[in-house]
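Below, each chain spelled out in residue letters.
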Amino acid sequence: MATTGEASGPAAEMRKVFTRSPLLGSDTHSLCPGCGEPNAIRVLMETIEEMGERGNTVCVLGIGCYTAFGALMQIDCQQAMHGRAPAQATGVKRVLPDRLVFTLQGDGDMVTEGLQEIVHAAARGERFTAICLNNAAFGETGGHMTATTVLGQRTKSTLGGRDAGRHGHPIKLPEMLAGLDGVAYVARGTVHTPVGVKKTKKLFRAALETQRLGLGFSLVEVVTMCPTGWFVSAAEGPRFQEEKLLPVFPVGELKRPRDLRV
Amino acid sequence: MAKSVGTVVIEVDACKGCELCIPVCPPGVLSMSPSVNAIGFRYPILRDGCTGCELCAEICPDYCFEVFRAAPSRASAEVTA
Ligand SMILES: Cc1ncc(C[n+]2csc(CCOP(=O)(O)OP(=O)(O)O)c2C)c(N)n1
Ligand code: SF4
Ligand code: SF4
Ligand code: SF4
């Protein structure tokens, strides 16, 4: 069933200006209402399509809610063990250097469970692109604290809010990795507004072009809504993100190669 | 009736009722339905006045929107030329 504003459908002189990327297939997905991850993945797929890399891309998936997209994305996908996607992507890229290779991980996967994997891959200057969907929670397992949970944030394992004295401070991975030699491109985006989604697409393009030019390691962290793990309604997700998360995780480019034109 | 320069096709049964599309629509022509879809969620309904700006499609996590815009007509192109 479909509905439009005009009972007869779009008038003949209307031209289609937006449709779902073919790289997302046609199935529905099982992620929660108001989740931020699907839009990050959508603009990533649009970018790969626009770069003409559809048949030449390998995604190495971490473990989290985004893992379900392994069944939707119309590109080659591999499943890594929790946190180990950067090691696996290292292998894929070294064996198949002409492929566009990226990891798709969460903050729980990349920053909590697999921190040493991503740090060493970055320091080695591995020429793949790492993508971190940072929702400051272990979403899939029900909303527990991760290394990026912000101070004061309530999770199932920090019911009174994350406390610096008891639980430590959130890790800002892009800021941490930007200082490493071997790291060519680092940026952080957001998907809580339409403008944020569009800008994140540009960051993906810059990171993947960095890889295509062989300039070194690239990382894009995208702050994504997790209303389920934040215990707010789907409609409240963008405001929660704006007020609680973005002051800790400011968006923008932290490092970019001088030769990069996009 | 105001003539719309754009329109959207909404895949109603894919909608999860998150309401993220409602506040991002600049002319405010989307509102939630009183009834629910096949999976039990209220979904957006379009009124006249869509500009085809695509912002609803940019924010919808369930890829429910297709967006259409009017191609500038020959007559109006001549007037502005
Ligand atoms: C070695 C190992 N430890 C724990 C788990 C359980 N587990 C599955 S998904 C997940 C959370 C992933 O969080 P994140 O990467 O942030 O993704 P999100 O679900 O928030 O999208 C955990 C802890 C697992 N599968 N394997
Ligand atoms: S638990 Fe959070 S990250 Fe997982 S699908 Fe739901 S909203 Fe998205
Ligand atoms: S295309 Fe723009 S004007 Fe039309 S319904 Fe979507 S957000 Fe509103
Ligand atoms: S953003 Fe998409 S899923 Fe959410 S209410 Fe609007 S159409 Fe439904």
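The shown structure was predicted, so the numbers you read here are calculated from the model rather than taken from an experiment. (Residues numbered from 1 in each chain as written. Chains lettered and ligands numbered in written order. Predicted model: local features only at pLDDT ≥ 70, side-chain atom pairs only at ≥ 80, totals over all residues. Heavy atoms only, no water.)

Draft legend 1. Looking closely at unusual backbone geometry. Of note in the backbone geometry, F231(A) takes a positive phi value of approximately 60° without being a glycine. When you line up the elements, F231(A) lands in the loop between α8 (227-230) and α9 (237-245). Phi angles above zero are rare outside glycine, and E54(B) is one such case at about 75°. Summarising the element assignment, E54(B) is placed in the loop between β3 (42-46) and α2 (55-59). (Helix = DSSP H or I, 4+ residues; strand = E, 2+ residues; numbered from the N terminus.)

Draft legend 2. The arrangement of the pattern of salt bridges in detail. This model, assessed by the stated rule, comprises 19 salt bridges over all chains. With a closest N to O distance of 3.0 Å, E117(A) and R84(A) form a salt bridge. Here R84(A) lies in the loop between β4 (76-79) and α2 (85-95) and E117(A) lies in helix α4 (residues 115-123), a separation of 33 residues in the sequence. Put simply, R188(A) and E175(A) hold a salt bridge, and the shortest N to O gap is 2.7 Å. Placement of R188(A) in strand β7 (residues 183-190) and of E175(A) in helix α6 (residues 173-178) is noted, with a sequence separation of 13 residues between them. Using a relative accessible area of 33% as the deciding quantity, one classes E175(A) as partly exposed. Residues joined in a network through salt bridges with shared partners are R42(A), E46(A), E50(A), K201(A) and E58(B). (Salt bridge = Lys/Arg side-chain N within 4 Å of Asp/Glu carboxyl O. Buried < 20%, exposed > 50% of the residue type's maximum accessible area, 1.4 Å probe, protein only.)

Draft legend 3. Spatial organisation of the site of ligand 3. As a structural note, the neighbourhood of ligand 3 is formed by 13 residues, with C25(B), C50(B), T51(B), C53(B) and C56(B) the closest of them. Across the shell around ligand 3, the residue classes tally to ten nonpolar, two polar and one charged. (Near = heavy atom within 4 Å. Nonpolar A, V, L, I, M, F, W, Y, C, P; charged D, E, K, R; others polar.)

Draft legend 4. Geometry of the interface of chain B and chain A. Each side of the interface is counted separately: chain B has 36 residues, and chain A has 38 residues. Together chain B and chain A conceal approximately 3200 Å² of surface at their shared face, both sides included; 60% is due to carbon and sulfur atoms. If you sort the residues of chain B by the area they bury against chain A, K16(B), E58(B) and Y63(B) come out on top, with a joint share of 24%. In this structure, the connection of chain B to chain A is made through two salt bridges. The salt bridge partner of K16(A) is E66(B), with a shortest N-O separation of 3.0 Å. Counting across the chain B and chain A interface gives 14 residue pairs in polar contact (both at pLDDT 80 or more). Listed by contribution, the elements that provide at least two residues to the side of chain B that touches chain A are β1 (6-10), α2 and β4 (65-70) of chain B. Among the elements that make up the side of chain B that touches chain A, the one with the highest residue count is β4(B) (six residues). Across the side of chain B that touches chain A, the residue classes break down as 22 nonpolar, four polar and ten charged. (Contact = heavy atoms within 4.5 Å. Buried area = accessible area lost by both parts, 1.4 Å probe. Polar contact = N/O pair within 3.5 Å; in protein donor to acceptor, adjacent residues only side chain to side chain.)

Draft legend 5. Inspection of the sheet that holds strand β6 (residues 129-134) of chain A at higher detail. Residue and element names in this part refer to chain A. Strands sit in the order β4-β3-β5-β6-β8-β7-β9 across an open sheet of seven strands; the sheet is mixed. This sheet does not close on itself; its edge strands, each paired only once, are β4 and β9 (252-255). Each strand axis lies, on average, 20° off the axis of its neighbour in the sheet, ignoring direction. Judged from the three bridges that link them, β7 and β9 form a sheet pairing that is antiparallel. Note that in β9 the partner of R188 across the bridge is G252. (Pairing = 2+ DSSP bridges. Axes fitted to C-alpha atoms, helices over the stretch in contact; angles between N-to-C directions.)

Draft legend 6. Up close: the packing of aromatic side chains. Residues and elements named next belong to chain A. One pass over the structure, following the stated rule, counts two aromatic pairs over all chains. Considering the side-chain rings of F128 and F217, the 5.6 Å spacing of their centres and the 85° angle between planes classify their relative orientation as edge-to-face. Linking F128 in the loop between α4 and β6 with F217 in strand β8 (residues 217-223), this pair joins segments that are 89 residues apart in sequence. F128 gets classed as buried once you look at its relative accessible area, which sits at 0%. Measuring from ring centre to ring centre gives 4.8 Å for W230 and F240, while their planes differ by 20°; the resulting arrangement is stacked. Taken together, the residues span a long stretch of sequence, with W230 in helix α8 and F240 in helix α9 at a distance of ten residues. Judged on exposure class, the residue W230 and its partner F240 are both buried. (Phe/Tyr/Trp six-rings, centres within 6.5 Å; stacked < 30°, edge-to-face > 60°.)

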